[in-house]
Amino acid sequence: MLGNTHETVNTVSQLIQLAVAPVFLLAGVAGLLNVFTGRLSRIIDKLEKIDNYVANQKTPEAIEKAEEKLSERRRFLTMRMQNTNYAIFFCTTTGLLIALVIVTMFLSSLFDFKDSIFIATLFIIAMISFIMSLLLFLREIYYTTSFIKSKKATLKKEL
């Protein structure tokens with residue numbers, strides 16, 4: 001009986017060691033989610049400023065002029081917001097899949113089923129989801145820098 005208990009402790013210990021890498025990955029995913037939500041929050045703040053600016057116009061002509069002037073900027077911010085939402089979706093999906101990998105590793109040991117293909121598949125899908133979130137983040141950065149470049153070019157033309 002003592003040997004069996006020792007074997008069980010070793011098995012759990014090995015499982016915890018195997019779960020450490022995915023747990024670190026979860027910490028990285030959480031950090032990225034923090035970055036994504038911070039960017040999303042700033043985009044929403046900018047959209048609210050535009051909406052408040054338009055709403056604070058006094059005359060119907062001023063409202064129409066403000067809407068015309070800011071409609072392109074609003075469309076651009078909405079596109080960025082949608083892109084960031086997709087990045088958050090894929091990053092959150094990554095976290096959920098990695099958590100499933102960890103749970104499945106422990107359950108496979110507890111219930112003595114060896115389905116390494118299922119665990120590997122979950123992990124591969126998690127990595128694809130992670131790659132998608134990073135690609136969407138790169139796209140978000142591209143959108144932002146292209147807007148800044150176009151804004152600088154417009155200012156140079158005006159000067």
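Please read these numbers as outputs of a predicted model, since none were measured by experiment.

Novice: What is the right way to look at a nonpolar patch on the surface in this model?
Specialist: On the surface, a cluster of nonpolar side chains totalling about 630 Å² of accessible area is made up of I124, I128, I131, M132, L135, L138 and I141. Checked against the element boundaries, I141 lands in helix α3 (residues 116–158). By relative accessible area, which is 32% here, I141 ends up partly exposed.

Novice: Got a minute to help me understand the packing of aromatic side chains in this structure?
Specialist: For any pair of aromatic rings, geometry is given as the distance between the ring centres together with the angle between the planes. Scanning the entire structure with this criterion turns up three aromatic pairs. Ring centres 6.3 Å apart and planes at 70° place the aromatic pair F76 and Y143 in the edge-to-face group. Here F76, found in helix α2 (residues 60–110), pairs with Y143, found in helix α3; they are 67 residues apart in sequence, far enough to count as distant. The residues F76 and Y143 share a single accessibility class, namely buried. The interplanar angle of 75° and the centroid separation of 5.2 Å between the aromatic rings of F89 and F90 together place this pair among those described as edge-to-face.

Novice: Please clarify how the environment of N34 should be interpreted in this entry.
Specialist: Positionally, N34 belongs in helix α1 (residues 2–55). Relative accessible area serves as the criterion here: at 56%, N34 is assigned to the exposed category.

Novice: How should I be thinking about a negative patch on the surface in this particular structure?
Specialist: A surface patch of like charges, here negative, comprises E61, E64, E67 and E68. The residue E64 is located in helix α2 in this model.

Novice: In this structure, what is going on with α2? I would like to understand it.
Specialist: Residues spaced three or four apart along an α-helix face the same direction, because each turn holds 3.6 residues. Counted at 1.5 Å a residue, the expected span for α2 with its 51 residues is 75 Å, and the 69 Å between its end C-alpha atoms agrees. L70 marks where α2 bends most, by close to 45°.

Novice: What's the story with the confidence of the model for the protein in this structure? I'm lost.
Specialist: Taken as a whole, the protein shows an average pLDDT of 85; of its residues, 87% reach a score of 70 or greater. Of all the helices and strands in the protein, α1 carries the lowest mean pLDDT, 82, while α2 carries the highest, 89.

Novice: What is the right way to read the side chain of T94 from this model?
Specialist: By the secondary structure assignment, T94 is in helix α2. Looking at T94, its side chain comes within polar contact range of the main-chain oxygen of F90, at 2.9 Å. A polar atom in the side chain of T94 sits 3.2 Å from the side chain of S129. Setting aside anything within four residues of it in sequence, one finds T94 in contact with V29, A126, S129 and F130.

Calculation rules
Residues numbered from 1 in each chain as written. Predicted model: local features only at pLDDT ≥ 70, side-chain atom pairs only at ≥ 80, totals over all residues. Heavy atoms only, no water. Patch = residues over 30% accessible without salt bridge, like charges linked within 9 Å, V, L, I, M, F, W, Y side chains within 5 Å. Areas by Shrake-Rupley, 256 points an atom, 1.4 Å probe, with all protein chains shown as cover. Salt bridge = Lys/Arg side-chain N within 4 Å of Asp/Glu carboxyl O. Helix = DSSP H or I, 4+ residues; strand = E, 2+ residues; numbered from the N terminus. Buried < 20%, exposed > 50% of the residue type's maximum accessible area, 1.4 Å probe, protein only. Phe/Tyr/Trp six-rings, centres within 6.5 Å; stacked < 30°, edge-to-face > 60°. Lys, Arg positive; Asp, Glu negative; His and termini not counted. Charge placed at Lys NZ, Arg CZ, Asp CG, Glu CD. Expected span 1.5 Å × (residues − 1). Bend = angle between axes of the 7 residues up to and from the residue. pLDDT = per-residue confidence, 0-100. Polar contact = N/O pair within 3.5 Å; in protein donor to acceptor, adjacent residues only side chain to side chain. Contact = heavy atoms within 4.5 Å.

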